[in-house]
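Topology and contacts: notes
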Amino acid sequence: LIEAFILNNKVVVSWDIKTGYYIYKKSIFIKHGNKKLNLSFDLIDEFVLTDEFFGESTVVKNILKLHSGYIKNSEQNTGTIQIGFQGCADGRYCYPPEIKNL
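Throughout what follows, the structure given in this document is the object of discussion. (Residues numbered from 1 in each chain as written. Predicted model: local features only at pLDDT ≥ 70, side-chain atom pairs only at ≥ 80, totals over all residues. Heavy atoms only, no water.)

**What about the nonpolar core?**
Ranked by internal contacts, the top residues of the largest apolar core, which has 15 residues, are V13, W15, I28, I30 and L66. For this core, the secondary-structure elements that each account for two or more residues are β2 (10-16), β7 (55-68) and β8 (81-85). Apart from the residues within four sequence positions on either side, W15 is in contact with L1, I2, I23, I28, N62, I63, L64, L66, I83 and F85. Of all hydrophobic cores here, the second largest spans five residues; its members include Y22, Y24, L49 and V59. (Core = buried A, V, L, I, M, F, W, Y, C linked by side-chain atoms within 4.5 Å. Buried < 20%, exposed > 50% of the residue type's maximum accessible area, 1.4 Å probe, protein only. Helix = DSSP H or I, 4+ residues; strand = E, 2+ residues; numbered from the N terminus. Contact = heavy atoms within 4.5 Å.)

This is the structure we're talking about:
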């Protein structure tokens, strides 16, 4: 379950990751138009694992909360805000990368 909104000129995103699943940390991004925004992780349950698809990777389980860099007031209503990520089910399969529009 993903929740996203704009608060104080930043995109705030949180995931409630189901038991038995994880998200690759390096796959997470927020874009405003064509520009990738800087990310700050507020709450993260991360660890390193080695899997057959991507080798050694930092992944996130359980809960993840982050926010983006600052978006100017004048730019908030221009361009699409996209949130991207990719996850897997433990020991089973990986999902294709997902992109959600805010």
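**Some details on the state of the cysteines**
Taken as a whole, this structure holds one disulfide when the rule is applied. Across the disulfide, C88 is cross-linked to C94 (sulfur-sulfur distance 1.9 Å). Judged by the sign of its S-S torsion, about 95 degrees, the cystine formed by C88 and C94 is right-handed. On the accessibility criterion, C88 (1% relative accessible area) is buried. Among the residues examined, C94 registers a relative accessible area of 23% and is labelled partly exposed. (Disulfide = S-S within 2.5 Å.)

**A closer look at the environment of L7**
For L7, the position within the fold is in strand β1 (residues 2-7). Here L7 falls in the partly exposed class, since its relative accessible area comes to 46%. Residues L7 and H67, spaced 60 residues apart in sequence, show a C-alpha to C-alpha distance of 9.2 Å.

**Some thoughts on the sheet that holds strand β4 (residues 29-32)**
An order of β5-β4-β8-β10 is seen for the four strands of this open sheet, with the pairing classed as antiparallel. Whereas interior strands pair on both sides, the edge strands pair on one side only; in this sheet they are β5 (35-36) and β10 (98-101). Sheet topology note: the β4/β5 ladder contains two bridges and is antiparallel. Looking at the pairing, H32 lines up with K35 of β5. (Pairing = 2+ DSSP bridges.)

**As for the packing of aromatic side chains**
If you walk through the whole model with that rule in mind, you get four aromatic pairs. Ring-pair connections join several aromatic residues into one group, and the members of that group are Y21, Y93 and Y95. Note that K25 overlies the ring of F41, its terminal NZ or CZ placed 4.8 Å from the centroid. In this structure, K36 is placed above the aromatic ring of F29, and the distance from its NZ or CZ to the ring centre is 4.9 Å. (Phe/Tyr/Trp six-rings, centres within 6.5 Å; stacked < 30°, edge-to-face > 60°. Lys NZ or Arg CZ within 6 Å of the ring centre and 35° of its normal.)

**Some details on unusual backbone geometry**
Positive phi, close to 50 degrees, is recorded for N8, a residue that is not glycine. Relative to the assigned elements, N8 resides in the loop between β1 and β2. Of note, N62 is a non-glycine position whose phi angle comes to about 70 degrees, a positive value. By the secondary structure assignment, N62 is in strand β7.

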